[in-house]
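# Results of the structural survey
This is what each chain is made of:
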Amino acid sequence: MPPADGAQRTNLSVKWRIESTLEYDSMSSMKRTTITLPDELVDLVEHEVRRRGTSFSEVVRWSIRETLIGNGPRRLAFAGICDDPTLPSGAEIEEALDEAADDLDRRG
């Protein structure tokens, strides 16, 4: 007979806590810090704390880690905002800067 929903959630919470604890075992130390959050963010974090059955600090650590590190290469927030074929490409700008630097070097 499958476990009741509450038991499944508890098992998932325990598994999540064990996995996240193992991740931190490799860290040499943690520093205590104080942050100020707007009420809306506190409410969201507290909701996630209840949903996961973990601590406020763990939810904040997980959120920061996922936001700053994530699961893949970081995408620059401004990448692609200026996708205009009439403007010079990044490579063209770098080439122009290299040429300008060479000119300055030659002039002394």
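It should be noted that the structure appears before, not after, this text.
Presented here is a report on the structure given in the accompanying data block. All figures in this text were calculated on a predicted structure; none of them were measured in a lab. (Residues numbered from 1 in each chain as written. Predicted model: local features only at pLDDT ≥ 70, side-chain atom pairs only at ≥ 80, totals over all residues. Heavy atoms only, no water.)

## Quick look at the overall build of the chain
Secondary structure summary: the chain contains four helices and zero strands in total. If you list the helices and strands of the chain from N to C, you get α-α-α-α. In the chain, buried positions account for 11% of the 108 residues. Of the roughly 9,600 Å² of accessible surface on the chain, a fraction of 56% belongs to carbon and sulfur atoms. (Helix = DSSP H or I, 4+ residues; strand = E, 2+ residues; numbered from the N terminus. Buried < 20%, exposed > 50% of the residue type's maximum accessible area, 1.4 Å probe, protein only. Areas by Shrake-Rupley, 256 points an atom, 1.4 Å probe, with all protein chains shown as cover.)

## A closer look at helix 3 (residues 56–68)
Think of an α-helix as 3.6 residues a turn; residues three or four steps apart then line up on the same face. The end-to-end C-alpha separation of helix 3 is 18 Å, in line with the 18 Å expected for 13 residues at 1.5 Å each. All of the buried residues along helix 3 are E58, V59, V60 and R65. In the segment just after helix 3, G70 is the residue with positive phi, at about 65°. (Expected span 1.5 Å × (residues − 1).)

## Details of the pattern of salt bridges
In this structure the tally under the stated criterion is four salt bridges. Residue R52 is joined to E48 by a salt bridge in which the shortest nitrogen-to-oxygen separation is 2.7 Å. Of this pair, R52 and E48 are both found in helix 2 (residues 39–52), four residues apart, which corresponds to roughly one turn of the helix. Each member of the pair, R52 as well as E48, is classed as buried. Among the ionic pairs, R106 bridges to D103, the shortest N-O distance being 2.2 Å. Here the residue R106 and the residue D103 both occupy positions in helix 4 (residues 90–107), the gap between them amounting to three residues, near one helical turn. Classification of R106 as exposed rests on a relative accessible area of 64%. Owing to a relative accessible area of 30%, D103 belongs among the partly exposed residues under this scheme. (Salt bridge = Lys/Arg side-chain N within 4 Å of Asp/Glu carboxyl O.)

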